[in-house]
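# Observations on the three-dimensional arrangement
Chain by chain, the residues:
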Amino acid sequence: MSVTYNSETKTFMLQGKNLCYSFWINDLGYPEHLYLGASVGNDDLRFTRTYGATSTAATPPGIDNVNSYNAFPSELSFFGTGDYREPAVQIVTPQGDRLCELLFDSYEIVPAKPKITGMPSLDGGETLILHLKDKINGFAADLYYTVYDDCSVICRRAVYKNCGSADVRLERAYSFTLALPDRDYDMISLYGVWAKERHIDRIPLHHGVVSIDSKRTSSSATLNPFIALLRRDTTEFYGEAIGVNLVYSSSYVLKAEVNPDGTSQITGGINDFDFNWNLAPGEVFETPDVVISYSDTGLGGMSRAFHDAYREHLINRRYVKASRPLLINNWEATYFNFDVPKLCAIADAVNGLGIDTLVLDDGWFGKRDNDYSGLGDWVVNDKKLQGGVKAISDYVHSIGMKFGLWFEPEMVSEDSDLYRAHPDWAIGTPDRKHCYSRHQFMLDLTRREVRDYIVKSVSDIIENNGVDYVKWDYNRNVTESWTYSLEPERQMEFAHRYALGLYDICERIVNGHPDIFFEGCSAGGARFDPAIMHYFPQIWTSDDTDAEERTKIQFGTSLVYPLSVMSCHVSVCPNHQTGRTTPFDTRAIIAHLGATGYELDTTKFTDEEKAAVKLQTAEYKKIERLILDGDLYRIDSPFEKGFFTEAVVAKDKSFAELVCYRRFVSVNNEVRRVKMVGLDPEAYYCLEEKNIKAKGSTFMNVGFSPDYPHGDFSAVKYHFTRI
Ligand code: DGJ
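These figures come from a predicted structure and were not determined experimentally.

Moving on: unusual backbone geometry. Here the residue pair Cys573 and Pro574 is connected by a cis peptide bond, since its omega of -5° sits within 30 degrees of zero. Along the chain, Pro574 turns up in the loop between strand E29 (566-571) and helix H11 (584-591). Not every positive phi belongs to a glycine, and Asn18 is a case in point at roughly 55°. Looking at the secondary structure, you find Asn18 in the loop between strand E2 (11-16) and strand E3 (19-25). Phi is positive for Ser220, close to 80°, though the residue is something other than glycine. Mapping Ser220 onto the fold places it in the loop between strand E13 (208-213) and strand E14 (223-231).

Structure follows, in structure tokens:
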């Protein structure tokens, strides 16, 4: 990894793992992009400059006969002086002037990535900070670029600064612009809805702008804050892929634009819809990180780059590679209908089967026997739980298990003591009724007193009840976004201030309790983004626990996020969401491709099922290191075929698991061969289940036929051990 500046050619060259990024400062002082791609020599890349047609182009202010800003491949596009592409930034001065011309001022190279104030960000690497400035109004932008030697990503962000003498209003403040040399790309995005999160869309880019966004004050299940641009012939294994993922949990936008000259660019960050931000003289506005991964080994290479970056530089170090709680969660077993004996019986039934944590889900607090009431009242319901939550945690600790507890800290029910005492703490306008969603309202995290209440009430419970694990849920999105904490002209700061408020309570609750393991959840996986992953090393992937549905959800999620972040449970059949019945073994094999657990009424287990669980958890423990730190290779996509096949290979290639799932059986099935991937071609391996010993290259080039069990939705797994 290295960041260098050649003062003769005015060229910056950033070399990271398997990638190279370069731009130069042209004669106007404009940072002009040169290259993002596979590693190349430290050469002067200005020979690549070619500009398209210039007719009707506007030259930079006051200079005739030079190329237009519209023609330069941009590092940060700005509006009003001839560049008609999507700007990354727009400001308004008190005079109504909306222009800024951000040109090179100076640069710094610093050894590690500086933190962002109030927002989670990646660490490590080596960072270039490029200082750009408008000479007229003093508005300035610092562009941060970080490269790494252990992951093929470049991390970027912008910091906007008001160095002038008057207020400036930011109307748009994106994190980056990335120029691309042509327009021969497809765009992938991850769309979804409750219980059907992160399915894959792939469309060709076209002239004009393709964009995805969220206006929900949450990253959302609707569109994950991720896009990838792929060459038209790029597959899972071959070709170029550029992935873009925002480290942000509130409303965002990502745009891919094809320009009239046939080049393209990507830009985005905090959504500028329903956004503005007042910057007084001397103030700065920090934008979230965007992680850009480059791969010339297809989508698979792109995903592994993201996985490495997040495991090495973003997720809580203490937990990222640590063995996870193997839990039993009572939600699908009881919903709101439980008492102390029932919960203890659920734990008893799995004691000794390899499950080590009981998680008590929704319904233990306030008046909460259904989802109409109680949120915000983080007081144990002693009537429902005789002896309190403590009675359960004491019991599970006494049988050698750990104890987890559910919260939904950001919410309030209309029927709650908290709402009766502080109706103005709920987000909403004073003169309108609020929308309900799951019969509940949201708390205004932009207010310090609200955040203090949440931190204190949640901390009191977890500190006094022997809690080892917290499940942090979030089941609705903001409506009526308005807050008593801001003057009228600043109300459009709300969505970003909500994110800052969320990160503040996460810092104080999560980092304030370093011995407690926190899992994220959002009606399943509706806030599954890198920023929230910084606090929650695992996130409940979806409320849909059906194994067939999960093959798609987990496949899509893995495009960006590591297996260790995906929380996956084995549940009962017929499945509560789909009514489908799948084999118990299949449910376990699919759920074991993540941070695993069980979620069903274990008191109804037969002896046979108990024996199966004991075996499943023992097998999971054998491969847990792969889930925590292995390289994922997707082989068959359930979106394209009736098969889902994935391999996870240890970093040192000494061990690997191959999971093969077949959707439907048919009579006289066709023969099917699966080629293993990711092994060391020169090493010898034993395919344990078949007792076949062969070279890695043999398993990868010749393949073998998996023995799918008979019937629909069948799965089988294989293990390769280096000998
Ligand atoms: C939604 C979550 O996704 C479920 O797992 C469960 O915790 C419920 N909320 C509880 O209300």
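With parallel pairing, the 8 strands of this closed barrel are ordered in space as E21-E22-E23-E26-E27-E28-E29-E30. Strand-to-strand, the axes of this sheet are offset by a mean angle of 30°, without reference to chain direction. The pairing of strand E27 (residues 517-520) with strand E28 (residues 538-540) spans 2 bridges and is classified as parallel. For Glu519, the partnering residue across the bridge sits in E28 and is Gln538. Lying over the sheet, helix H4 (residues 340-350) contacts strand E21 (327-329) and strand E22 (357-360), oriented at roughly 155° with respect to E22. Running at roughly 170° to E29, helix H10 (residues 547-557) makes contact with E28 and E29 of the sheet.

Turning our attention to the sheet that holds E2. Read across the open sheet, the 4 strands follow the order E1-E2-E3-E4; overall the sheet is antiparallel. The sheet is open, and its two borders are formed by strand E1 (2-6) and strand E4 (31-37), each paired with just one other strand. Across the sheet, the mean angle from the axis of one strand to that of its neighbour is 15°, orientation sign disregarded. Across 6 bridges, the pairing between E3 and E4 is antiparallel. Paired with Phe23 across the two strands is His33, which belongs to E4.

Here we take up helix H1 (residues 298-313). Between its first and last C-alpha atoms H1 spans 23 Å; for 16 residues at 1.5 Å apiece the expected length is 22 Å, and the two agree. Counting buried residues along H1, 15 of its 16 residues qualify, which places the element largely inside the surrounding structure.

Right, let's talk about the domain arrangement of the protein chain for a bit. Per the domain assignment, the segments making up the protein chain are domain 1 (327-515 + 528-533 + 544-565 + 572-624) and domain 2 (636-722). Taken over C-alpha atoms, the centre of domain 1 sits 35 Å from the centre of domain 2. The interface of domain 1 with domain 2 comprises 18 residues on the first partner and 19 residues on the second. With both sides pooled, the region where domain 1 packs onto domain 2 buries about 1,700 Å², and carbon together with sulfur makes up 72% of that total. Per-residue buried area on domain 1 facing domain 2 is highest for Phe555, Ile589 and Leu593; these three make up 33% of the total on that side. The interface formed by domain 1 and domain 2 includes 2 salt bridges.

Rules used throughout
Numbering of residues starts from 1 in every chain and runs along the sequence as written. Selection of residues for local features in this predicted model requires a pLDDT of at least 70, selection of side-chain atom pairs for listing and counting requires 80 or more, and totals for whole chains, interfaces and linings are taken over all residues. Note that the side-chain values use all heavy atoms of the structure and ignore hydrogens as well as water. Each helix corresponds to a stretch of at least 4 residues labelled H or I by DSSP, and each strand to a stretch of at least 2 residues labelled E; elements are numbered beginning at the N terminus. Pairing between two strands requires that DSSP report at least two bridges joining them. The convention used is that axes are lines fitted to C-alpha atoms, helices contributing only their stretch in contact, and that angles between N-to-C directions extend from 0 to 180 degrees. It only takes one pair of heavy atoms within 4.5 Å for two residues to be counted as in contact. Here the expected span of a helix is defined as 1.5 Å times the quantity of residues minus one. For each residue, the accessible area found with a 1.4 Å probe, counting protein chains only, is set against the maximum for its type, and the residue is called buried under 20%, exposed over 50%, and partly exposed in between. The source of the domain bounds is an automatic or database domain assignment. Summed over both partners, the accessible area lost on bringing two parts together, with a 1.4 Å probe, is the buried area. Salt bridge, as used here: a side-chain nitrogen of Lys or Arg that lies within 4 Å of a carboxyl oxygen of Asp or Glu.

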